[in-house]
Amino acid sequence: MRGTLTIAGREYASFFRTPLGWLLAALFLLLSGLVFARSVLVPGEPASLREFFSLWWGLLAVVAPAVSMRLIAEELRIGTIETLTTSPLAELSIALGKFLGAYAFLLTCLGLTIVYPIVLLVLSRPDPGPMLAGYLGVALLGGLYLAIGLLLSSLTNSQTLAFLGTLFILLAVEIISQQAGPKLPPPFDAAITSLGISRRVTDFARGLIDTGHTVFFVATIAWCIGATALVLKARRWR
């Protein structure tokens, strides 16, 4: 576990040692601020962050791949992956450490948006329950997107391909689940529709903490991290 935390700490610190990390943090705040201004600060609308959280799947579909694209692809490009894979650390520890470092960075950016609920609390009297549930949903969503990006990053030494591949998968799954899912015959309609992310995030935004949604996010994150470990193991024995 110590090795995993060491990798996580190194990965987290690396985001603040490069211009890319600061650029991603600025982009995160800019996009979230625009979403907040357009969806919440509307005269006559209820004092709620429901619409704000419901749109985060699209925001994170852009930001999360940009965060995850360099996690392993950069190691492959410069050759330092050999040092990692030949170290005493297990592949799962490496994959988990990379994920935790990126996730900590994303949660740091998410924590900066706490100013938005504070503004809403100053202007009105919203229910804090749905806001807390919404942040939980966004945190799980960000973890899911990062885990998928981590897996894609382990498959190529090109950060650009890792970014575009992750973005394509996230958008394709959402479009297919919304457009094609309802048109399929049972039981395929329910199976494909259940892959949709925006519906799950919308439930959290409404203040509904569904155990099924939580299990879906956690299980998919664990599967992607495990798959990444298998890819790293295959590279070790190549």
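**Student:** What am I meant to see in the overall build of the chain here?
**Tutor:** Looking only at helices and strands, one finds 13 helices and zero strands in the chain. When its helices and strands are written in sequence order, the chain yields α-α-α-α-α-α-α-α-α-α-α-α-α. Buried positions account for 47% of the 238 residues belonging to the chain. Restricting the contact set of the chain to residue pairs at least 6 apart, pairs at least 24 apart contribute 77%. About 11,800 Å² of surface is accessible on the chain, with carbon and sulfur atoms providing 71% of the total.

**Student:** Explain the side chain of His213 here, please?
**Tutor:** When you line up the elements, His213 lands in helix α13 (residues 211-236). Apart from the residues lying within four places of it in its own chain, the contact partners of His213 are Arg199, Arg200, Asp203 and Phe204.

**Student:** Got a minute to help me understand the packing of helix α4 (residues 56-68) against helix α9 (residues 128-153) in this structure?
**Tutor:** Interhelical geometry of α4 versus α9 gives an angle of 40 degrees and a closest axis separation of 9 Å. In terms of their interaxial angle, α4 and α9 are classed as oblique. Classified by chirality, the crossing of α9 by α4 is right-handed. Note on element contacts: α9 touches α4 through Val138, Leu141, Gly142, Tyr145, Leu146, Gly149, Leu150 and Ser153, opposite Trp56, Trp57, Leu60, Ala61, Ala64, Val67 and Ser68. Residues of the contact of α4 with α9, tallied by class, amount to 11 nonpolar, four polar and no charged.

Basis of the calculations
Residues numbered from 1 in each chain as written. Predicted model: local features only at pLDDT ≥ 70, side-chain atom pairs only at ≥ 80, totals over all residues. Heavy atoms only, no water. Helix = DSSP H or I, 4+ residues; strand = E, 2+ residues; numbered from the N terminus. Buried < 20%, exposed > 50% of the residue type's maximum accessible area, 1.4 Å probe, protein only. Contact = heavy atoms within 4.5 Å. Areas by Shrake-Rupley, 256 points an atom, 1.4 Å probe, with all protein chains shown as cover. Axes fitted to C-alpha atoms, helices over the stretch in contact; angles between N-to-C directions. Parallel < 35°, antiparallel > 145°, perpendicular 65-115°, else oblique. Left-handed = near helix turned anticlockwise from the far one by under 90°. Nonpolar A, V, L, I, M, F, W, Y, C, P; charged D, E, K, R; others polar.

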